[in-house]
Each structure stands twice: as C-alpha cells, then as structure tokens.
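The chain contents come next:
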Amino acid sequence: PAYHAEPYLQRAHQAQPADRIVRRRLFCATAEAALATEDYKKAVSSAAAAVREDANEPKALILLADARIRVAEYEAALRALSSAQDALANRQGPEAVRRLAVTHTLRAQAQERLRQYPKALEEAQRALELDPHLAAARVVRATAMQQRGRDYDAQMELQQVLSKDPDHVAAKLQLGYLQLSANDFRAVGTLEAVVNNPSASRSTLGAAKVYLALALRAEDRTGMPNPSRRDRAEQVLKEGISLHKNLQVIWREELEQSLPRGERPVAAVQR
C-alpha cells in the first residue's frame with residue numbers, strides 16, 4: 001500500500017538531493033503516494049513542486065492535473081493538461097502514447113465535471129483511439145453519456161469494462177449509480193459489490209454507501225416495508241457520509257433535500 005512508502009519518501013526528502021532530476025522524481029513519487037492515500041492537498045503541492053523542477057516533464061504535469069481534478073480545480077487542471085500535451089507533442093514511443101491517452105482521459109474527466117459533456121465525449125474518444133483498452137476513458141465516457149440521457153450507451157460502455165475486469169471499482173460504481181437513477185432493482189446488488197470490494201478507495205466506498213442507502217430506501221418505498229432494510233439504509237448512509245469528505249459538508253443543503261423528490265444525487269456525491 002502507498003502509505004508504506006511514506007517513511008522512505010520522507011527520508012529521501014530529508015536527504016535534500018542536489019540533482020534536479022532526482023528531486024523531480026521524488027516529488028512525483030510523493031504526489032503519486034498522496035493521490036493513492038487521498039491526501040489531495042499534499043498531492044497538489046508535491047506535483048506542483050515537481051513541475052517547478054521541470055515545467056516540461058509530462059508525468060509531473062499529468063500528476064498535477066490529476067490532483068487538481070480531485071480538489072475540483074478543473075480549469076487549472078485543463079491548463080496543466082494542455083502543457084502536458086505540448087510537452088508530449090514531439091515524443092515518440094509507447095510511453096508517450098500511453099501518457100497522451102491518460103492526458104485526454106483526464107481532460108474528459110475535467111470537462112465532464114464542468115458539465116461540458118460534448119467536450120468530455122470528444123476527449124474520451126481521443127483517449128480510446130490512442131489506447132482502446134484504457135478503462136478509465138470508458139468510465140468517464142459512460143458518465144458523460146448518462147448525463148446526456150444516453151443511459152443504454154453508458155451501460156454498454158460499462159459492461160465492456162466489466163466484461164474484462166468484473167471487479168473494476170469505478171465501472172461498477174458508475175453502473176450502480178446508473179441503475180439507481182433508472183430505478184433498476186439491480187442497483188442494490190451492484191452497489192453491494194462495490195461496498196464489499198477491499199480495493200475500493202475511501203471516497204469511492206463513501207459514494208457507494210450513499211448510493212446503496214438510496215437504493216435500499218427506494219426498495220422500501222416501492223415494496224413491502226422492511227424495518228431491517230430501513231435500518232441498514234440509515235447505517236450505510238451514516239457510514240458513507242463519514243467516508244466522503246464532500247458529503248460531510250454539503251449533505252444537508254443539497255442531497256438530503258433531493259431525496260423526497262427522487263432527484264439524482266449526483267451533485268453532492270460526484271463533486
């Protein structure tokens with residue numbers, strides 16, 4: 001796990017390496033570890049430090065953009081990704097192609113969060129043209145499709161990912177959300193699988209538990225009332241809010257108010 005690397009990274013920083021390339025690689029490694037442990041403030045600062053060491057290093061720019069997206073700084077992320085694309089323009093080989101595909105995937109994520117769905121779909125398509133097996137690009141394309149009302153197409157994208165990797169957490173979470181939004185009874189089973197997946201990150205687990213609570217509540221409203229199901233919905237809801245940082249702040253003002261009207265809970269959970 002990434003947190004095991006922290007003591008070694010700290011010691012490496014304390015050594016204060018003189019070589020700029022070594023410092024840049026160290027800052028990149030620290031940013032990667034921080035992203036894995038969801039310490040996004042540290043991820044942003046470490047990736048920014050790596051960029052200061054070399055403003056033309058694609059990996060550092062991509063890490064900075066990834067971290068910026070996690071803290072909802074989408075425009076800043078897009079600027080970093082434009083710089084990464086410029087840096088990759090004259091590079092050849094599989095690694096350059098892979099990084100360019102990741103760059104387009106992150107651009108798609110940022111555009112989707114900005115509700116620029118046609119741009120998100122375009123960027124995801126570019127990513128998949130470079131790397132047809134890039135699951136993250138398919139997941140973000142499915143998310144944009146769903147927001148455009150193309151639920152069937154979105155489900156096909158997600159099923160394609162899950163056919164190759166049945167435990168893909170992001171794809172399964174998005175499929176569960178899609179099913180929840182469509183009042184599909186399968187949402188409970190799909191979201192239970194995410195909740196029970198040991199590889200799910202803290203925020204993913206939080207979102208999955210909130211969605212699961214909504215799915216259980218929907219079952220309770222449409223079927224025979226079940227006190228144990230209602231109690232479980234309340235329990236996983238509390239657990240989900242405690243795990244998802246954004247929801248701790250905006251649950252009452254946005255998500256809770258939407259429940260009686262049956263509105264999609266996307267705004268609070270997927271910020």
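The paragraphs below set out a description of the structure included in this document. This is a predicted model, so every value here is computed, not measured. (Residues numbered from 1 in each chain as written. Predicted model: local features only at pLDDT ≥ 70, side-chain atom pairs only at ≥ 80, totals over all residues. Heavy atoms only, no water.)

### Looking at helix 2 (residues 20–36)
Item 1. Spanning 17 residues, helix 2 covers 24 Å between terminal C-alpha atoms, matching the ideal 24 Å at 1.5 Å per step.
Item 2. Of all the residues in helix 2, the buried ones are Arg 24, Leu 26, Cys 28, Thr 30, Ala 31, Ala 33, Ala 34 and Leu 35.
Item 3. On its buried side, helix 2 packs onto helix 1 (6–14), helix 3 (40–53) and helix 4 (58–70).
Item 4. Just downstream of helix 2, Glu 38 is the residue with a positive phi angle, here 65 degrees. (Helix = DSSP H or I, 4+ residues; strand = E, 2+ residues; numbered from the N terminus. Expected span 1.5 Å × (residues − 1). Buried < 20%, exposed > 50% of the residue type's maximum accessible area, 1.4 Å probe, protein only. Contact = heavy atoms within 4.5 Å.)

### What about unusual backbone geometry?
Item 1. Of note, the phi angle at Ala 72 is positive, near 65 degrees, even though the residue is not glycine.
Item 2. Mapped onto the elements of the fold, Ala 72 is located in the loop between helix 4 and helix 5 (74–88).
Item 3. Judged by relative accessible area, Ala 72 falls into the partly exposed class, the value being 44%.
Item 4. Despite not being glycine, Asn 183 shows a phi value in the positive range, around 55 degrees.
Item 5. A relative accessible area of 68% means that Asn 183 is categorised as exposed.

### Some details on the packing of helix 8 (residues 135–147) against helix 9 (residues 151–164)
Packed helices, taken two at a time, are described by the angle between their axes plus the distance between the axes.
Item 1. Where helix 8 contacts helix 9, the axes come no closer than 8 Å and their chain directions differ by 165 degrees. One element, helix 8, and the other, helix 9, form an angle in the roughly antiparallel class. Every pair of crossing elements has a handedness; the one defined by helix 8 and helix 9 is left-handed. Residue-level contacts link Ala 135, Arg 138, Val 139, Arg 141, Ala 142, Met 145 and Gln 146 of helix 8 to Asp 151, Asp 153, Ala 154, Glu 157, Leu 158, Gln 160 and Val 161 of helix 9. (Axes fitted to C-alpha atoms, helices over the stretch in contact; angles between N-to-C directions. Parallel < 35°, antiparallel > 145°, perpendicular 65-115°, else oblique. Left-handed = near helix turned anticlockwise from the far one by under 90°.)

### Quick word on the nonpolar core
Item 1. With 27 residues, the main nonpolar core has Leu 35, Leu 63, Leu 64 and Ile 69 as its most contacted residues.
Item 2. Contributions of two or more residues to this core are made by helix 2, helix 3, helix 4, helix 5 and helix 6 (94–113).
Item 3. When residues in this core are grouped by element, the largest group, eight residues, is from helix 4.
Item 4. Within the second largest apolar cluster, 25 residues are counted, among which are Val 194, Val 210, Leu 216 and Leu 237. (Core = buried A, V, L, I, M, F, W, Y, C linked by side-chain atoms within 4.5 Å.)

### A short note on helix 7 (residues 117–130)
Item 1. Under the 1.5 Å per step criterion, the end-to-end length of helix 7 is 20 Å for 14 residues, consistent within 8% with the ideal 20 Å.
Item 2. Turning to helix 7, its buried residues number three or more, namely Tyr 117, Ala 120, Leu 121, Glu 123, Ala 124, Ala 127 and Leu 128. One side of helix 7 carries all its buried residues, which in axial view fall inside an arc of 165 degrees.
Item 3. Residues of helix 7 that are buried sit in contact with helix 6 and helix 8. (Arc of directions from axis to C-beta.)

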